[in-house]
Amino acid sequence: MAIFNQKGNVLLFVISGIAMAAAIATGMFYMTSTSSLGQAGGSGMERAYYLALAGKDYAAANWNNRSSWNNNEFSLSTTEIFHITYSGSGITSTGIVNKNTPFEARKTIKVPQPSPARKHFFEAFEDKTRWDEGTKLGTFDTPLVSGDKALKVVSSEAALGGYGVWSFLRFNSAFAGVDLSTPWLDADRCLSHDLQVKIANNQPYYFAGLIFKTAGVGNDREFYGVSYMRTKQQCSWGCWSLSGWNGSTWNSCYCDGCSRLDNIPSELKPTVTGYDGIFTEPLECWTDGSGNWFRYSRPSVVLWKRQSNSFNWLAYKLLTSNDYVIGADNRLVDWSNLQVRLIEAYPLGFTTGGPTPLLHGAFVVGGTSGASARINGTPVLTSETWAGNTAAGTLTLTNVSGTFVNGENLLVDGVTRAIASGTIGAKTNYIRVYYGDVNSHGTQNDIPTDSDNRGGNPRIVTGSSNVIHWPVDNVSDWSAYYDYITLVQWDGFQASASRLGGSGTKEANAIIGDSSLLTPNSGTIDYSGIALHATGNTATSTYFDDFAIQY
C-alpha cells in the first residue's frame, strides 16, 4: 500500500536508499579518497586538498555518529592524514601531508552540515500499540469504520483543571521509532515537523484535532492545539435582534449573556465582544418552545494553546461549505484532513531579495560578519518580488554561528541574494495550518490559499493506492502538481501572537508566530509531545484515521 505522495515528497524507498548509501560510504571512502589522491599527483597542497575532501565525505557519511569522529585524526598512510571537527556552523576538515616535517602541506575546508533526509511515520490505527494509554484522558478503541479500522473516542472525562471534558491520547514516539531528538539536535535545538490526521464527527457541534509541543503531565500539561470547531450556547438572558425565520429555525441571534452547553472551554472560543469572531452572523438559532434559546457558532479552524494552567485561543478561520470540509448543514465532512507545519527558528529580517528565491535548507553567510546559518522553512514574506530583487520579509534560521549585522549582504554559495534588515531575533514558533477533504475540486493551481481548486485526500484503506500529501517545503514551488491542500488564512488573531505573511504574497495572513512553549537551548528535548484530542459533549462521536508525521 503506497502511503506517501510520490509527487515531490521523500518516499520510503528513497530514505532507505540514503541510509544504505551512508552505510556503504564508510567502507567506500578509502577507495574513492585513494583514487582522488592518486589523481592529485605529487603536489603536496593538491593532495592535502583531496584529503580534506575525503574527511568531509567521511563526516557526512557518518553524520549520525558524530562522537566517533569529532575532533579526531584519521591516517590513510604514514604521510597522509585528515582531521575533522563539527560545530554548530558545520564541518571543518583539514588534509595534512607529511605532518611535522619540513615538507608539511595543509588544506582546510569548511562546509555546512548535511541536510538530513526527511523521515515519515504513518499510523493506520490497526491497534493502539504506538499510543501512550498511561497518560490518556478518556478511552479509545480501533473498530472497523466503513471497511477499515480507525481510532474511535469511546469516552471523555473532566480534566485539565475542570475546563470542559476531554479525550486526549498522546503519541508514543519512542515505541513507534520516531526520534525527534536527532533532527532537533541537528538543527541546533530547534524543533520542526509536519503533522496531519483525518477526522470524522457527524454531530452539529464538535471540537477535535491535533495537539503538539506537549510537555508536563496531568493537569500541568502544556501544549498547542489546532482543531475543527463548532460550539453550542444557551442564551441564558434571552435573545434579541432575531431575524431570518426560515420556518424551523432563526438564522440570526445575538445573545446577551450566553452559557456554554457543549463542555468546550469558553477560553478556546474566539470572540472579542461576544458578537463577532466565531459568532459572526449568520448564525443558526432556535428555541425549545419553553423560553430557552440556543445558538451554534460558525464552523472554524482554531489554533490555541494551554500554558500555565490556562487556555487561550491564538487565531481562527471561519469555514463555509465553499471550503468543502464543512457541509451545507455546517457539520464536518467525514475524513476532513487537518495538517500543521511547525518550524522553530530564529528570525532575521531581509530586503532586496532575489533574483532567485531564498530556499529552505540553504546555507546563508553574512558578507561582513561571516556569521552563518541554515534557512529552515520557506521565508516569511512581506513582498514576493524575487525576480525584481525586491523581495523582503523574514528568514527563519537554525544552526546560527556568529552574529549577523544590519545592512550586510547575505550570501548563498558565495553569491549575494539579499541584505540583512536588523539583527537576529529570539527563538520563535512559526505555525502554518492546512486543510482538505477526500474529493478533488476545480482545477489544481499554484495558489496555496485557494479552497475552490485542489486535489483530493481520500482516506487510505487497505488495498487502495491513495497517498499522504504534504505541503511543499518552499512556497515558491507550490504548483498544480502539488496542490492537494489549502493553507489557512487567519481571519482573526490574539494580540499575544503575530499574524505574518504580507498582502499579495502566497502566504498572506497565513503564518502565526508565537514565542512560548519553546524547546530548551541545552540538555534534552522537551515540548516535543504529540497527541490527538476530542473535546466536549460530542467527543464520543469522533473518529481519527491516517495520522502521519514528517520530520
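Please read these numbers as outputs of a predicted model, since none were measured by experiment.

**Some remarks on the overall build of the protein chain**
Reasoning step 1: Helix and strand counts for the protein chain stand at 4 helices and 37 strands.
Reasoning step 2: Classification of the 551 residues of the protein chain by burial places 51% in the buried group.
Reasoning step 3: The long-range share in the protein chain, meaning contacts at least 24 apart out of those at least 6 apart in sequence, stands at 68%.
Reasoning step 4: For the protein chain, the accessible area works out to roughly 21,500 Å², and carbon and sulfur atoms hold 50% of it.

**Observations regarding the pairing of strand β10 (residues 151–155)**
Reasoning step 1: As paired elements, strand β7 (residues 139–141) and β10 share 3 bridges and run antiparallel to each other. Opposite Phe140, over in β10, you have Val153 as the bridge partner.
Reasoning step 2: Relative to strand β37 (residues 542–550), β10 is paired through 2 bridges, and the arrangement is antiparallel. The residue bridging Lys152 from the neighbouring strand is Tyr543, located in β37.

**Comments concerning the environment of Gly225**
Reasoning step 1: Relative to the elements of secondary structure, Gly225 occurs in strand β15 (residues 222–230).
Reasoning step 2: Between the alpha carbons of Gly225 and Ala208 there is a distance of 9.2 Å; along the sequence they are 17 residues apart.

**Some words on helix α2 (residues 44–61)**
Reasoning step 1: Taking 1.5 Å of rise per residue, the 18 residues of α2 would be expected to cover 26 Å, and the 26 Å separating its terminal C-alpha atoms lies within 8% of that figure.
Reasoning step 2: Those residues of α2 that sit buried are Arg47, Ala48, Leu51, Ala52, Ala54, Gly55, Tyr58, Ala59 and Ala61.

**A few points about unusual backbone geometry**
Reasoning step 1: Residue Glu281 is joined to Pro282 through a cis peptide bond whose omega torsion reads 0 degrees.
Reasoning step 2: The residue after Gly354, namely Pro355, is reached through a cis peptide bond having omega 0 degrees.
Reasoning step 3: Turning to its location among the elements, Pro355 is positioned in the loop between β24 (336–353) and β25 (363–366).
Reasoning step 4: Even without a glycine there, the phi angle at Phe125 is positive, about 60 degrees.
Reasoning step 5: Note that Phe125 resides in the loop between β5 (120–123) and β6 (131–137).
Reasoning step 6: With a relative accessible area of 0%, Phe125 lands in the buried category.
Reasoning step 7: Of note, the phi angle at Tyr324 is positive, near 70 degrees, even though the residue is not glycine.

**Describing the packing of aromatic side chains**
Reasoning step 1: Under the definition given, this model contains 22 aromatic pairs.
Reasoning step 2: Relative to Phe82, the ring of Tyr58 has its centre 6.2 Å away and its plane inclined at 45 degrees; by these criteria the two rings are tilted. One end of the pair, Tyr58, is in helix α2; the other, Phe82, is in strand β2 (residues 80–87), with 24 residues separating them in the sequence.
Reasoning step 3: Ring geometry for Trp131 against Phe171: centres 5.3 Å apart, planes inclined by 65 degrees, an arrangement best described as edge-to-face. On the criterion of sequence distance, the pair formed by Trp131 in strand β6 and Phe171 in strand β12 (residues 165–171) is long-range, its members being 40 residues apart. No difference in accessibility class separates Trp131 from Phe171, as the two residues are buried.
Reasoning step 4: Each member of the aromatic cluster is reached from another via a ring pair, and the members are Tyr163, Trp166, Phe168, Phe207, Phe223, Trp304 and Phe311.

Thresholds applied
Residues numbered from 1 in each chain as written. Predicted model: local features only at pLDDT ≥ 70, side-chain atom pairs only at ≥ 80, totals over all residues. Heavy atoms only, no water. Helix = DSSP H or I, 4+ residues; strand = E, 2+ residues; numbered from the N terminus. Buried < 20%, exposed > 50% of the residue type's maximum accessible area, 1.4 Å probe, protein only. Contact = heavy atoms within 4.5 Å. Areas by Shrake-Rupley, 256 points an atom, 1.4 Å probe, with all protein chains shown as cover. Pairing = 2+ DSSP bridges. Expected span 1.5 Å × (residues − 1). Phe/Tyr/Trp six-rings, centres within 6.5 Å; stacked < 30°, edge-to-face > 60°.

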